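Chain and residue survey
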Amino acid sequence: QVQLVESGGGLVQAGGSLRLSCAASKRTFTNIVMGWFRQAPGKEREFVSAVRWTDGSTAYADSVKGRFTISRDNAKNTVALQMNSLTHEDTGVYYCASGRSFGILRAGDVEVWGQGTLVTVSS
């Protein structure tokens with residue numbers, strides 16, 4: 001079973017930046033796609049971004065396009081999410097996720113979840 005460990009959450013002022021990282025214990029056919037979801041208080045978990053290990057193809061939710069950048073390091077089995085121009089609406093718990101589907105993912109597409117890391121953007 002693949003395990004995912006996130007790091008990099010914290011408190012930041014609006015307009016600031018944060019970088020999240022997710023380390024995968026291994027890469028198999030079950031986690032060819034890595035991504036990020038987030039969940040704000042009282043809201044459903046929503047897709048943020050995804051990247052495919054093989055060719056680096058990326059996908060983003062409309063709400064983060066142009067502000068967030070996802071990248072992968074195949075040698076280290078890590079995926080990073082660079083978040084710029086953060087707003088209060090970006091506050092939430094960010095979950096690393098992996099699975100086999102690529103694109104705008106649904107929670108049901110995810111096979112493995114990380115434990116989550118809290119991002120708080122103060123306005």
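As a starting point, this report considers the structure included with it. (Residues numbered from 1 in each chain as written. Predicted model: local features only at pLDDT ≥ 70, side-chain atom pairs only at ≥ 80, totals over all residues. Heavy atoms only, no water.)

Considering the sheet that holds strand E1 (residues 4–7)
Quick note on the threshold: For two strands to count as paired, DSSP must find a minimum of two bridges between them. Helix and strand definitions follow DSSP, with helices as H or I runs of at least four residues and strands as E runs of at least two, each counted in order from the N terminus. Helix axes are fitted to C-alpha atoms over the stretch in contact, other axes to C-alpha atoms as well, and angles between N-to-C directions run from 0 to 180 degrees.
Reading across the sheet, the four strands line up as E1-E3-E8-E7 and stay open at both edges, with antiparallel pairing between neighbours. Across the chains shown, the open sheet's two edge strands, defined by having one partner strand only, are E1 and strand E7 (68–73). The mean angle between the axes of side-by-side strands here comes to 15°, regardless of whether they run parallel or antiparallel. When E1 meets strand E3 (residues 18–24), the two strands line up antiparallel, connected through four bridges. What sits directly across from Glu 6, in E3, is Cys 22.

Side note on the nonpolar core
Quick reminder of the rule: Nonpolar cores were defined as sets of buried Ala, Val, Leu, Ile, Met, Phe, Trp, Tyr and Cys residues, with membership established by side-chain atoms within 4.5 Å. Buried means the residue's accessible area, taken with a 1.4 Å probe over protein chains only, is under 20% of the maximum for its type, while exposed means over 50%, and partly exposed covers the values in between. Here a residue-residue contact requires only that any non-hydrogen atoms of the pair lie within 4.5 Å.
Core analysis: the largest hydrophobic core is formed by 34 residues, its most contacted members being Leu 4, Met 34, Trp 36, Phe 68, Leu 81, Met 83 and Tyr 94. Sequence-distant contacts of Tyr 94, that is, excluding residues within four places in its chain, are made with Glu 6, Leu 20, Trp 36, Phe 37, Arg 38, Val 48, Phe 68, Leu 81, Met 83, Gly 116, Thr 117 and Val 119.

Notes on the state of the cysteines
In plain terms, the rule: To count as a disulfide, a pair of cysteine sulfur atoms needs to be within 2.5 Å.
Inspection of every chain in the model, using the stated rule, returns one disulfide. With a sulfur-sulfur separation of 2.0 Å, Cys 22 is cross-linked through a disulfide to Cys 96. Disulfide Cys 22 to Cys 96: torsion about the S-S bond roughly -85°, handedness left-handed. Taken together, the residues Cys 22 in strand E3 and Cys 96 in strand E9 (residues 92–99) connect sequence positions 74 residues apart.

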